[in-house]
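Letter by letter, the chains look like this.
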Amino acid sequence: MDILAFGNTGWGDELFFATLMTIAVSITAMIIGFCFALIFTPLKLSKNKFLNFIGNSYTTIIRGVPELLVIYLLFFGGSGAVMYVASIFGYNKYIEINAFLTGSFAIGIISGAYSTEVFRGAIQSIDKGQFEASKVLGLKKPVHFFKVIMPQMLRLAVPNLSNVWQITLKDTSLISVTGLVEIMRQSYIAAGSTRDPLFFYSFAAVLYLLLTFLSMKLINKLEIKYRRGY
Amino acid sequence: MDLDLMVSSFPKLLNATLVTLKLLSLSLIFGLILGLFFAILRLNKNIFVNRFSYVYSYIFRGTPLLVQIFIIYFGLGQIEFLRSSFLWIILKEPYWCAIIAFSLNTGAYTSEILRSAFETINKGFIEAGDSLGISKKIIFYKIQIPIAIRQSLPAYGNEIILMLKGTSLASTVTLMDLTGVAKYIISTTFKPIEVFIVAGGIYLFMTFIIHNFIRYLEKKYSY
Amino acid sequence: MNMIRKFSLGILITLFLSLSANADKIRIGTEGAYPPWNSKDASGKLIGFEVELAWTLCRYIGQQCEIVEQDWDGMIPALIMRKFDAIMAGMSITDERKKAINFSQGYADEVASLAVMKGSNLEGIQTSEGINLTMKSGAVKKDLKTITGALDGKTVCVQTATIHQNFLESGDVGKVKVRTYKTQDEVNLDLASGRCDVALAAAVAFTDYAEKSGKPVVLVGPTFSGGAFGNGVGVGIRKDDAELLKAFNSAINKARKNGDISRIATKWFGFDASM
């Protein structure tokens, strides 16, 4: 177990921090994904053909292209695209986006596409009568959305969102290609340096299993708490 | 944007798509067999058999495919006695390592899809068969399995698409699939965006076909 | 809603912080998986000949530096996309790469060699000690022919996007079954496991691996230089960055004159690989 020692001789502390990094990226990506979902779910449900098209394109493209390609495209094209947008506003200097943000964004965009589908499904399963009830009560559209639909939608979405969380957590293994040192990258480095890939990749698998197991426990607890409202 | 490069890389990428499709179809076939096998084990009353199947599916669904493929390719390659056994004939080849990893992975998801389909089958069907004096075996093969397949079509369609995307990881173990060839072209042209856009387009087209094919099947077998 | 608002604000702040950082540091990209040129130790720190040399050159340039890790297969695209400003990653100066980026003068030279596991039937091939592909002499042609015969039907492994891959695909040694890997570490692993019959890389990459792993890896055939193998290893720099190129060239001159390059090279390679 020397190779798992903490300190300068073993890989214990490196793998520990890498695990924290995986958790941090997963959570950030999940939140970014929520933001995307909050934008694209209304578009997908919109009756306007153009808005609808945009919403559908997002989920179709992101869910139809390998995650690895999405990540590569964002990694190589991300800062270029941001600089292009900035140049429209008259800012012409180089813009650096750090590895953590690039990675979180890439995974977030993917996670967002799945969250959008979950939200859409949840909203569509909300009783139509409530839309009419809000109308009768004279609630404005945004009030109706945030105060009536959103809370129900979140409750209905929780079980499926736990699936999205699992997907997101596992997808973070792919951002190792951007150089961000999370579990996969650290195992890769350790496996290369110690020439013991069997041990380190198996250990990585155990870490991921532990993360999915623990997060599922937590989500189940949340679910029970949320159900109480009914 | 280098349009010339996009045009000139297209035929090469299309050629590599064949490798991707081969990986996909073989993995799906093996995965379906594994999935059916483990789904049946899951329904078994024996707790050990039952648990064994559960643990298999939990491990493969709870870890990233990339880790699985690395363990099978780089990890197992380190074990001395495996290298001297007959298994090495298969494990020596990156192609088969990828297929083993993909099959085990999709098998785990497929077993879950089939299990939940089996569990939701209306007990009434089985009782109806029973009262007609049809044997348990025939009920299982002629009633339960066909209904389960129909029930799991939408979820299985998703799984096919996830697996198609998953095959892009074959490039991490030296295979020249669509993603592998895209990376190869980039290594000589240094233009990742153009090449990945073309490759992405091809993947998207395949997803589109699979998606619509499943929709067609769903309609055809709807009741 | 308040929570979401706070989170998005937090994300925006991080974004802007990362925009302003690293404004006038020179960022140098390296792979960290190509010992003894560049690699990582058990504390996760980048080490190796080029890492140490990079700090030395930065001192001569008189500017702050930062070393950035980048996977080999995206090294040149990442430089062009301005993820960093210079490459020091055992990258040989070749005509093909010069189309995309500029190179400083070479700071070190490496010869390539084939390697096999002890007991391979390739161990006995008879060639001269070393061949320079720039010379088209009869002796070179004869050696290439011998190698062509020896590699026939064998799986030859190389790291992707390297001079070694280019050479194998150049036709100089016939049509070879080439298998490409992301890192040299992976090539070494598969050479040792027997998935590769033979591998081609910098000779030091194999001797370093043999020494550290204790695996019976042996060099066979001649050492290669010239032609597809380029003209030494240099610093890769973007085409539009003439100033940085000049700075690196003069820093390399100074470091060479003061004996720094020889000293660092001897420390990491065991012999003076400087040029």
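Residues numbered from 1 in each chain as written. Chains lettered and ligands numbered in written order. Predicted model: local features only at pLDDT ≥ 70, side-chain atom pairs only at ≥ 80, totals over all residues. Heavy atoms only, no water.

What to know about a nonpolar patch on the surface
All names here are of chain B.
- Residues Ile-29, Phe-30, Ile-33, Phe-86, Leu-87, Ile-89, Ile-90 and Trp-96 make up a contiguous nonpolar surface patch of roughly 810 Å² in combined accessible area.
- Counting residues per element, the nonpolar patch draws most heavily on helix α1 (residues 3–43), which supplies 3 residues.
- Mapped onto the fold, Phe-30 is located in helix α1. (Patch = residues over 30% accessible without salt bridge, like charges linked within 9 Å, V, L, I, M, F, W, Y side chains within 5 Å. Areas by Shrake-Rupley, 256 points an atom, 1.4 Å probe, with all protein chains shown as cover. Salt bridge = Lys/Arg side-chain N within 4 Å of Asp/Glu carboxyl O. Helix = DSSP H or I, 4+ residues; strand = E, 2+ residues; numbered from the N terminus.)

Some points on the side chain of A:Arg185
- Assignment of secondary structure puts A:Arg185 in helix α7 (residues 183–194).
- Excluding its chain neighbours within four sequence positions, the residues that come into contact with A:Arg185 are A:Ser176, A:Gly179, A:Leu180, C:Glu69 and C:Asp71. (Contact = heavy atoms within 4.5 Å.)

Brief notes about the nonpolar core
- The biggest cluster of nonpolar side chains holds 175 residues, and the ones touching the most others in it are B:Leu13, C:Phe49, C:Tyr107 and C:Phe248.
- Among the elements that make up this core, the one with the highest residue count is helix α10 (residues 192–220) of chain B (11 residues).
- Among the nonpolar cores identified, the runner-up in size contains 25 residues, and C:Leu114, C:Ile131, C:Leu151 and C:Val158 belong to it. (Core = buried A, V, L, I, M, F, W, Y, C linked by side-chain atoms within 4.5 Å. Buried < 20%, exposed > 50% of the residue type's maximum accessible area, 1.4 Å probe, protein only.)

Some thoughts on the sheet that holds strand β9 (residues 155–159) of chain C
Residue and element names in this part refer to chain C.
- Judged by pairing direction, the sheet is mixed, and its 6 strands sit side by side in the order β8-β12-β7-β11-β9-β10 without closing on themselves. Strands at the two margins of the open sheet, each flanked by one partner only, are β8 (130–132) and β10 (177–181). Across the sheet, the mean angle separating the axes of adjacent strands is 30° when strand polarity is ignored.
- One ladder, built from 2 bridges, connects β9 with strand β11 (residues 198–202); its direction is parallel. Bridge pairing in β11 places Cys-157 opposite Ala-199. (Pairing = 2+ DSSP bridges. Axes fitted to C-alpha atoms, helices over the stretch in contact; angles between N-to-C directions.)

Description of the side chain of C:Ser113
Residue and element names in this part refer to chain C.
- Along the polypeptide, Ser-113 turns up in strand β7 (residues 112–117).
- Take Ser-113: its relative accessible area is 2%, and that puts it in the buried class.
- Beyond its immediate chain neighbours, meaning those up to four positions away, Ser-113 contacts Ala-199, Leu-200, Ala-201, Ala-203, Phe-206, Leu-219, Val-220, Pro-222 and Phe-224.

Some thoughts on the interface of chain A and chain C
- Of the residues lining the interface, 29 residues belong to chain A; the matching set on chain C comes to 33 residues.
- In total, chain A and chain C occlude about 2,800 Å² of area from one another, counting both sides; carbon and sulfur atoms represent 60% of this.
- Inspection of the chain A/chain C interface yields 2 salt bridges.
- Between C:Glu69 and A:Arg185 there is a salt bridge, and its shortest N-O distance comes to 3.0 Å.
- Taken together, chain A and chain C are joined by 4 residue pairs in polar contact (both at pLDDT 80 or more).
- Elements that contribute at least two residues to the side of chain A that touches chain C include exactly α1 (12–45), α3 (67–88), α6 (141–171) and α7 of chain A.
- Of the residues contributing to the side of chain A that touches chain C, the split by class is 17 nonpolar, 8 polar and 4 charged. (Buried area = accessible area lost by both parts, 1.4 Å probe. Polar contact = N/O pair within 3.5 Å; in protein donor to acceptor, adjacent residues only side chain to side chain. Nonpolar A, V, L, I, M, F, W, Y, C, P; charged D, E, K, R; others polar.)

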